[in-house]
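Each chain, letter by letter, is given below.
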Amino acid sequence: MSDLLIRNLRPMANDACDMLIENGRIARIAPGIDAPGVAIEDGAGAIAIPGLAETHTHLDKTMWDMPWYDGRKGGTLQDLVDNERHSRIPLGIDVHRQAMRHAIRLIRTGTTHIRSHVDVDTDHRLSLLEGKMRARDALAGAVDMQIVAFPQSGLMVRPGTAELLDEALSAGADVVGGLDPSSFDRDPKASLDTTFALAVKHGKPIDIHLHEPGELGAFTMEMIMDRTETEGLQGRVGISHAFCLGMPDQARVAGLIDRLARLDMRIFTTGAPSATCPSLLALRAAGVKVGIGCDGIRDTWGPWGQPDMLDRARIVGMKNKLRRDEELVALLDTATTGGAAAIGIADHTLEVGAPADLTLVAGETLAHAVVETAPRPLVVKAGRVVARSGEFCVEGVSMP
Ligand SMILES: [Zn+2]
């Protein structure tokens, strides 16, 4: 929590002014603020936006800055899952080190909030969670990190995993994860019974990966919605990917979206180029809270992706065929305020009184800022400068 005066910045691309931050919160926004004794940064006329919200990633998976990996597999989801589970130890993927490398790069590109899934399986048990929690502790104050206990290798198909998820939630995981209850777990009723029982027991929200396409995905989504309603978990359940919402039957999709909105459920999309994806604008128009995320980057699954939420916003924008300025502004909101709301951060704005979590960005307008690739001039977390000109600058913490 810090005091800071940022001179000459343009909040949300409005007129240039100064911003005074006191005790980690935005205290005043006005031209010519005088604050004797307070540290000063020069915004140089750049646009200020709320910090970027990475709402779907896997910090335990990246091989960034490790030797190039040439063993990636094609094939089924099961092939990709098994290849990763068998490769982690031989490849020397140290989760603490890799999560630090990934998260610090997100911070220096303007991210102030991260929701990251972490694999919990009967081979690695809670070891990956422990590595990620150490990274969360090391970066406390520089980024807020939510950890999802994620049964990447399956829940019902891998006995013992439910007990490990229970332990993970007791040990410090924030969210209950899930994976394709029908197509991967082969038993959606048992899978969802277990997932929802864990959420109720621990009082924690749910975030389920749902890759299932078309009518199968719609069927599973309806089962998730049924349980959300009967358990009274409105506002506490999210679905990641939701590829089924990209199916051609628009009337079917509209019905699902309408019910998602009524149950205040959250959708997290990565704009996956290889799959059908939900329409960002249709979800937002219906009032569904939506976040975007990079998913895994440069891991055993795939070589693609950058640890930069504006890079991901561009991918989501292209996937959604966004073109007009007001659409790009909606996309930027989804990457900041809207996405943060989807993971339960309600006051992520540049209003007076809000936490001073923000980034400066290049560009003339908000729409222009989405498509620019220049380094972020300044990133501020709770009033503390955490990155400057694209370089991470938190005292006592270095890139491993
Ligand atoms: Zn994922």
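Since the structure is predicted, the reported quantities are computational estimates derived from the model, not experimental observations.

> Mind showing me how you'd approach the sheet that holds strand β6 (residues 111-119) here?
What links the strands of a sheet is backbone hydrogen bonding, and the strands pair in either a parallel or an antiparallel sense. Pairing is parallel across the open sheet formed by eight strands, whose spatial order is β5-β6-β7-β8-β9-β10-β11-β12. On the outer flanks of this sheet lie β5 (52-57) and β12 (289-292), each paired with one strand and no other. Looking at each pair of strands side by side, their axes are set apart by 20° on average, direction ignored.

> When you look at the domain arrangement of the chain in this model, what are you seeing that I'm missing?
Interface extent is often summarised as the accessible area lost during association of the parts. In terms of domain boundaries, the chain breaks down into domain 1 (4-50 + 350-392) and domain 2 (52-342). Each of domain 1 and domain 2 was reduced to a C-alpha centroid, and the two centroids are 29 Å apart. Across the boundary between the two partners, domain 1 contributes 23 residues, which contact 25 residues of domain 2. Here domain 1 packs against domain 2, burying approximately 1900 Å² in sum over the two surfaces, 68% of which is carbon and sulfur. At the boundary of domain 1 with domain 2, the tally comes to two salt bridges. In this structure, the salt-bridge partner of aspartate 308 is arginine 376, at a minimum N-O distance of 2.9 Å. At the junction of domain 1 with domain 2, the criterion picks out six residue pairs in polar contact (both at pLDDT 80 or more). Ranked by residue count, the leading element in the side of domain 1 that touches domain 2 is helix α12 (residues 366-371), at five residues. Counted by class, the side of domain 1 that touches domain 2 contains 14 nonpolar, three polar and six charged residues.

> Quick question: what am I supposed to make of the pattern of salt bridges here?
Pairs can form between side chains of opposite charge whenever their charged atoms are close. Taken as a whole and assessed by the stated rule, the structure comprises 31 salt bridges. A salt bridge links arginine 25 to aspartate 347, with the shortest nitrogen-to-oxygen separation between them at 3.9 Å. Remark: aspartate 347 occurs in the loop between α11 (337-342) and β13 (358-361) and arginine 25 occurs in strand β3 (residues 25-30); sequence separation between them is 322 residues. Arginine 25 gets classed as partly exposed once you look at its relative accessible area, which sits at 40%. The partly exposed category is assigned to aspartate 347, whose relative accessible area is 36%. Lysine 132 is the salt-bridge partner of aspartate 60, the closest N and O atoms lying 3.5 Å from each other. Taken as a pair, aspartate 60 in the loop between β5 and α1 (77-91) and lysine 132 in helix α3 (residues 127-138) lie far apart in primary sequence, 72 residues in all. According to the relative accessible area criterion, aspartate 60 is buried, its value standing at 0%. In this structure, a network of salt bridges that share partners links the residues Asp60, Lys61, Glu84, Arg88, Asp119 and Lys132.

Reading the values: rules and limits
Within each chain, residue numbers correspond to sequence positions counted from 1 in written order. Local features in a predicted model are, by the rule used here, given only for residues with pLDDT of at least 70; side-chain atom pairs are given and counted only at 80 or more, and totals for whole chains, interfaces and linings are based on all residues. Side-chain figures throughout are based on the complete set of non-hydrogen atoms in the structure, without hydrogens or water. Here the rule is simple: two strands pair whenever DSSP picks up at least two bridges between them. The numbering of helices and of strands both runs from the N terminus, where a helix is a DSSP run of H or I of at least 4 residues and a strand a run of E of at least 2. Each axis is a line fitted through C-alpha atoms, taken for helices only over the stretch in contact, and angles between the N-to-C directions span 0 to 180 degrees. A domain assignment, automatic or from a database, supplies the domain bounds used here. Whether two residues are in contact is decided by their heavy atoms: any pair within 4.5 Å suffices. Two parts placed together each lose some accessible area; with a 1.4 Å probe, that loss summed over both constitutes the buried area. Think of a salt bridge as a Lys or Arg side-chain nitrogen and an Asp or Glu carboxyl oxygen that are within 4 Å of each other. Under this definition, polar contacts are N or O atom pairs within 3.5 Å; protein pairs additionally need one hydrogen-donor-capable and one acceptor-capable atom, and for neighbouring residues in sequence, both atoms have to be side-chain atoms. For this classification, Asp, Glu, Lys and Arg are treated as charged, while Ala, Val, Leu, Ile, Met, Phe, Trp, Tyr, Cys and Pro are nonpolar and the rest, including Gly, are polar. When accessible area is computed with a 1.4 Å probe and restricted to protein chains, residues below 20% of their type maximum are described as buried, those above 50% as exposed, and intermediate ones as partly exposed.

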